[in-house]
Amino acid sequence: QCCSVVVETLVIKSKVMTTIIKVSSLEDGELKNEPSNCLIIMESKEQFASIEFSSTLCQQGLKFHAESHLDMLKGVAATLTASTDFSTSAEFFIGSGASLRKVVLGLLPTLVSRDNCVGRPHAVSNLVKTLKNTDNLVVILNSSTTEAAFAQSCAVGRQFP
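Reference entry: report on the structure contained in this document. Remember, it's a predicted structure, so these values are computed and weren't measured experimentally.

Let's shift gears to helix 4 (residues 121–129). Of all the positions in helix 4, only Pro121, Ala123, Val124, Ser125, Leu127 and Val128 are classed as buried. Each element contacted by the buried residues of helix 4 is listed here: strand 4 (37–42), strand 5 (88–94), strand 6 (101–107), strand 7 (136–143) and helix 5 (146–158).

Our focus in this paragraph is the pattern of salt bridges. If you walk through the whole model with that rule in mind, you get one salt bridge. Ionic pairing is found between Glu91 and Lys102, a salt bridge with its closest N-O pair at 3.6 Å. Here Glu91 is found in strand 5, whereas its partner Lys102 is found in strand 6, with eleven residues between them in sequence.

Turning our eyes to something else, we now look at the packing of helix 4 against helix 5. Look at helix 4 against helix 5: their axes get within 8 Å of each other, and the N-to-C directions meet at 35 degrees. Note that helix 4 runs across helix 5; the crossing there is right-handed. Each of Pro121, Val124, Ser125 and Val128 in helix 4 lies in contact with helix 5, whose residues at this interface are Ala151, Gln152, Ala155, Val156 and Arg158. Partitioning the contact of helix 4 with helix 5 into residue classes produces six nonpolar, two polar and one charged.

Turning our eyes to something else, we now look at the environment of Ile40. Within the secondary structure layout, Ile40 lies in strand 4. For Ile40 and Gly106, which are 66 residues apart along the polypeptide, the C-alpha to C-alpha distance reads 5.9 Å.

Most of strand 4 is tucked away, with six of its six residues classed as buried. Side-chain alternation along strand 4 places Asn37, Leu39 and Ile41 on one buried face and Cys38, Ile40 and Met42 on a second face that is also buried. The pairing of strand 4 with strand 6 spans six bridges and is classified as parallel. Bridging from a neighbouring strand, Met42 pairs with Leu107 of strand 6. Across five bridges, the pairing between strand 4 and strand 7 is parallel. Considered in strand 7, the bridge of Asn37 is made with Leu137.

The rules behind the values
- Residues numbered from 1 in each chain as written.
- Predicted model: local features only at pLDDT ≥ 70, side-chain atom pairs only at ≥ 80, totals over all residues.
- Heavy atoms only, no water.
- Buried < 20%, exposed > 50% of the residue type's maximum accessible area, 1.4 Å probe, protein only.
- Helix = DSSP H or I, 4+ residues; strand = E, 2+ residues; numbered from the N terminus.
- Contact = heavy atoms within 4.5 Å.
- Salt bridge = Lys/Arg side-chain N within 4 Å of Asp/Glu carboxyl O.
- Axes fitted to C-alpha atoms, helices over the stretch in contact; angles between N-to-C directions.
- Left-handed = near helix turned anticlockwise from the far one by under 90°.
- Nonpolar A, V, L, I, M, F, W, Y, C, P; charged D, E, K, R; others polar.
- Pairing = 2+ DSSP bridges.

What follows is the structure, given as structure tokens:
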């Protein structure tokens, strides 16, 4: 079974770059349905609180249909506690029936040594590994610099050789 990794959107707004990466299984050379799992990775807890329903992240990446989904995301994000060394995550489900989607929120570690990339790609890789065996996945990265966005996107791609 093959998979396709596609960087769909790159948006810069208020010094935060949003990258949406779709990973889809290929069956007989054709892409399967929309991703049923979503991983959202942020550099700080404050980024979760500033998400708006009309944002690219909600409309194109998560495909939220109700503001209550965003309220749920913000409520779960509020429970995350940043670590200095490791990424932290929390998961929840939105929708119902056939449209049920698993959403995992990932918060990157706060400290970076002088030898590490500021994008913390090692932590991004660890978060992606938790969902990489799923059929379809969308990974949404919010980065503060283009260098961090590039390193994080590469870290996602490396999980799907």
